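Each chain, written out:
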Amino acid sequence: MAVTAAPSALDRWFEISARGSTVGREVRGGLATFFTMAYIVVLNPLIIGTQADSTGHYLGGGTSPNLAAVAAGTALVAGVVTLLMGAVANYPLALATGLGLNAFLAFGVAKLPGMTWPDAMGLVVIEGLLILVLVLTGLRQAVFRAVPAPLKTAISVGIGLFITIVGLVDAGFVRAGSGTPLELGIGGFLAGWPTLVFVVGLVLILVLMARGVRGAILGGIVVATALALVVEAVAHLGPRTGADGSVVNPRAWGLNVPALPDSWIDTPDFATLGHFSLLGSFERIGWVTVVLLVFTLMLADFFDTMGTVVAIGAEGDLLDENGNPPRMKRILVVDSLAAAAGGAGGVSSNTSFIESATGVGEGARTGLASVVTGIAFLLTTFLAPVVSIVPYEAATPALVVVGFLMMTQVKGIDWADFEIAVPAFLTIVLMPFTYSISAGIGAGFVAFVLLKVARGRARAVHPVMWVVAALFVVYFAIDPIKQVLGVA
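In this report, the structure presented in the accompanying data block is examined. None of the values given here were measured: they were computed from a predicted structure.

Reading the values: the criteria
Residues numbered from 1 in each chain as written. Predicted model: local features only at pLDDT ≥ 70, side-chain atom pairs only at ≥ 80, totals over all residues. Heavy atoms only, no water. Helix = DSSP H or I, 4+ residues; strand = E, 2+ residues; numbered from the N terminus. Rg over C-alpha atoms; globule rule 2.2 N^0.38 Å. Buried < 20%, exposed > 50% of the residue type's maximum accessible area, 1.4 Å probe, protein only. Contact = heavy atoms within 4.5 Å. Lys, Arg positive; Asp, Glu negative; His and termini not counted. Charge placed at Lys NZ, Arg CZ, Asp CG, Glu CD. Axes fitted to C-alpha atoms, helices over the stretch in contact; angles between N-to-C directions. Parallel < 35°, antiparallel > 145°, perpendicular 65-115°, else oblique. Left-handed = near helix turned anticlockwise from the far one by under 90°. Nonpolar A, V, L, I, M, F, W, Y, C, P; charged D, E, K, R; others polar. Salt bridge = Lys/Arg side-chain N within 4 Å of Asp/Glu carboxyl O. Core = buried A, V, L, I, M, F, W, Y, C linked by side-chain atoms within 4.5 Å. Phe/Tyr/Trp six-rings, centres within 6.5 Å; stacked < 30°, edge-to-face > 60°.

The next subject is the overall build of the chain. Broken down by element type, the chain carries 21 helices and four strands. Relative to the compact-globule value of 23 Å for 488 residues, the chain shows a C-alpha radius of gyration of 22 Å, a close match. Dimensions along the principal axes, computed over C-alpha positions, put the chain at roughly 70 × 65 × 55 Å. Going through the 488 residues of the chain one by one, you find that 56% of them count as buried. Restricting to contacts in the chain with at least 6 residues of sequence separation, those with at least 24 account for 79%. In the chain, which carries 24 positive and 28 negative side-chain charges, the distance between the mean positions of the two groups comes to 9 Å.

Following this line, the structure appears as C-alpha cells:
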C-alpha cells in the first residue's frame, strides 16, 4: 500500500496542493508575472520622474530628474506590497504603480498652481487610507458582492480585450493611423525588426501552448528577448522616440532598447521614500479641490482593483459560486495599504496589476507566485540594468495570449437577457476603446441601473448598486462639476 507524503509547511500555508498546483508552477507563474510587468520599473520613472511640479522640482526634491531613484522606489514598493499580497492574502496577484493614476498625478495634480510633488503624493496616501477604512467597515466588500455575476464576467472579458490592445499597441503591431484611429503597423503594413520579434514571441507562445508545454509564456518572453538582443546588436535600431517624446524612427524599439548592460548590479537610490506631505495640499489648493481629486483617485483605484481581482480569480478558477475570490477582505486590505504605500514611497499609488493574469495563465493559483514576483521586484532595486534588457516587443505577446484566455469567459454571459447583455456589452467594449478599466465598469453599472428602472424593476437593484452608479455619474461628470464649483 502506497504511503502518501504529508504536505510540507509551505504547501499547507499556501494551500498549493488544495488548489491543484505545484511549487514549480507557482515559481514559473510568479516569474512570468514579473517579466510581464517589470516594464513599470522603467515606464513609471519616464512618466512621473520627468515631470516637474508647479514649483519646478522633480520627484526626490531636486531641480532635475532623478530617474534612478524613481525606478528604485518603484521596484521597492512593488516588491513589498506584492510580498504582502502573497503571504497575507494568498492570492496570485501582483501590485505596482498604477498606470493612468501616475499620469493623472503628473499632469493633473502636481502641476496645479502651488502644488508640489510631496503634496500630490500626500493625496495618494489619503486616498489609500480612506479605501482601507471602507474595507475594514465592510463597505468595499458589500460593493463587491452587490455586483451581479454576469457583470463580473463582463469585467473580466473587457479587461482581456483591454490588455490585448495594450499589448498590440505597445509592441507597435497596432498604431495610430493617418486617416483612422488605429491601423496595422505602419501605413497598414507590418514593418520593422521589433515587430518581427513580437510576432515570433507570440507565435512561439501559441505553438508551445498548443503542444501542452509548461512554461510556454515565460519561455516565449525569454526567447523573444534573446532574439531582440541579436537584432539590436546587428541592426543598431535604437529607440522609437527621442528625448522629447517625438517619433524619430517608427521601426525601432518602443521602450527599452535591448542590450546587455555594462553593469549588472547597481546600488539603489531611495530618495523618493517618505517624500510626501499629508495635509499640504489643503493649504495650497483648498479643501474642495482636494476632495474632488481624492474622490477621482479613489474611484479609479477602487474599481480597477475590483475588475482585476475578479479577472484573475476567474482565469484561475478561484471564485466561488457568486463570483467572489477567497479571503477577499485580506486581498482588499493589502491593496488599500499598497495605494498608501505608493504615496509614502513617492512613486504614486500602487494597485493590482492585470498582468498577474500572465502568471495565472502559466499555472499560478496561490500567493506563493506573488511572493516570487515580490522577491524579483526587490532584487530589481539592485538589478535595474537587467530589467532594461526586455523590450516591450518581447514582453507584450504574453498580454495578447492572456487576453485570449480571458475572452473565453464571454460564454458565461446570457446575451438573450437585454438587462444584462447591454451593460455587459458596454463594459466590454469601453475598456479597450477608452483605454480605461474604470470607464468600462462605470458605464456598465450605470446602464444596468437605468435598464432596471426602465423595465419597472428598480426594486431588483441592490442598494449598493444605486450608490455606486450615482458615484460613477459624478465621476463621469467631474469636469462640469468642477466648473460649476469654480475650481480648476
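With that settled, consider unusual backbone geometry. Located in the positive-phi region is His 236, a residue other than glycine, with phi close to 50°. For His 236, the location among the structural elements is in the loop between helix H10 (216-235) and helix H11 (280-285). Classification of His 236 as exposed rests on a relative accessible area of 61%. Backbone geometry at Asp 317 places phi at a positive 55°, although glycine is not the residue there.

Once that is clear, we can look at the packing of helix H19 (residues 437-454) against helix H20 (residues 463-476). Closest axis-to-axis distance for the H19/H20 pair is 9 Å, and the angle between their directions is 125°. In terms of orientation, H19 and H20 fall into the oblique class. Between H19 and H20 the crossing geometry is left-handed. When H19 is examined against H20, the residues Ser 438, Ala 439, Ile 441, Gly 442, Ala 443, Phe 445, Val 446, Phe 448, Val 449 and Val 453 are found in contact with a partner set consisting of Met 465, Trp 466, Val 468, Ala 469, Phe 472, Val 473, Tyr 475 and Phe 476. Split into classes, the residues belonging to the contact of H19 with H20 amount to 16 nonpolar, two polar and no charged.

To continue, consider the side chain of Ser 370. Examined against the element boundaries, Ser 370 turns out to sit in helix H15 (residues 367-380). Not counting residues within four places of it along the chain, the set of residues in contact with Ser 370 comprises Thr 82, Leu 83, Gly 86, Tyr 91, Pro 92, Leu 93 and Ala 94.

A few words on the pattern of salt bridges. One pass over the structure, following the stated rule, counts seven salt bridges. Between Glu 15 and Arg 327 there is a salt bridge, with the nearest N and O atoms lying 3.2 Å from each other. A residue pair is termed long-range when its members are at least 10 positions apart, and Glu 15 in the loop between helix H1 (9-14) and helix H2 (23-37) and Arg 327 in the loop between helix H12 (287-315) and helix H13 (328-344) qualify at 312 residues. Exposure remark for Glu 15: the relative accessible area of 29% places this residue in the partly exposed category. For Asp 119, the salt bridge identified is with Arg 284, shortest N-O distance 2.4 Å. With Asp 119 in helix H6 (residues 117-136) and Arg 284 in helix H11, the pair connects residues that are 165 residues apart, well separated along the chain. The class of Arg 284 is partly exposed, set by a relative accessible area of 44%. By sharing partners, the salt bridges in this structure join Glu 419, Lys 452, Arg 455 and Arg 457 into a single network.

Packing of helix H8 (residues 149-170) against helix H17 (residues 392-407) leaves a shortest axis separation of 8 Å and a crossing angle of 155°. With respect to H17, the axis of H8 lies roughly antiparallel. Classified by chirality, the crossing of H17 by H8 is left-handed. For the pair H8 and H17, contact is made by Ser 156, Val 157, Ile 159, Gly 160, Leu 161, Ile 163, Thr 164, Val 166, Gly 167, Leu 168 and Asp 170 and by Tyr 392, Glu 393, Thr 396, Leu 399, Val 400, Val 402, Gly 403, Phe 404, Met 406 and Met 407, respectively. Taken together, the residues that form the contact of H8 with H17 break down as 13 nonpolar, six polar and two charged.

Attention now goes to the nonpolar core. Membership of the largest hydrophobic core comes to 117 residues, with the highest contact counts inside it found for Trp 117, Ile 159 and Phe 445. Here this core takes ten residues from H12, the largest share from any one element.

Here the focus is the packing of aromatic side chains. Applying the stated criterion across every chain yields a total of six aromatic pairs. Every member of this aromatic cluster is reached through a ring pair, and the members are Phe 34, Phe 35 and Phe 377.

A few words now on the environment of Gly 192. Topologically, Gly 192 is positioned in the loop between strand E3 (183-184) and helix H9 (193-210). Classification of Gly 192 as partly exposed rests on a relative accessible area of 28%. The spatial distance from the C-alpha of Gly 192 to the C-alpha of Arg 251 is 4.4 Å, given a sequence separation of 59 residues.

With that out of the way, let us pick up the environment of Val 294. In this structure, Val 294 sits in helix H12. Classification of Val 294 by relative accessible area gives buried; the value is 6%. Taking C-alpha positions, Val 294 is 5.7 Å from Glu 127, a pair spaced 167 residues apart along the chain. Setting aside residues up to four positions removed in sequence, Val 294 forms contacts with Leu 123, Ile 126, Glu 127 and Leu 130.

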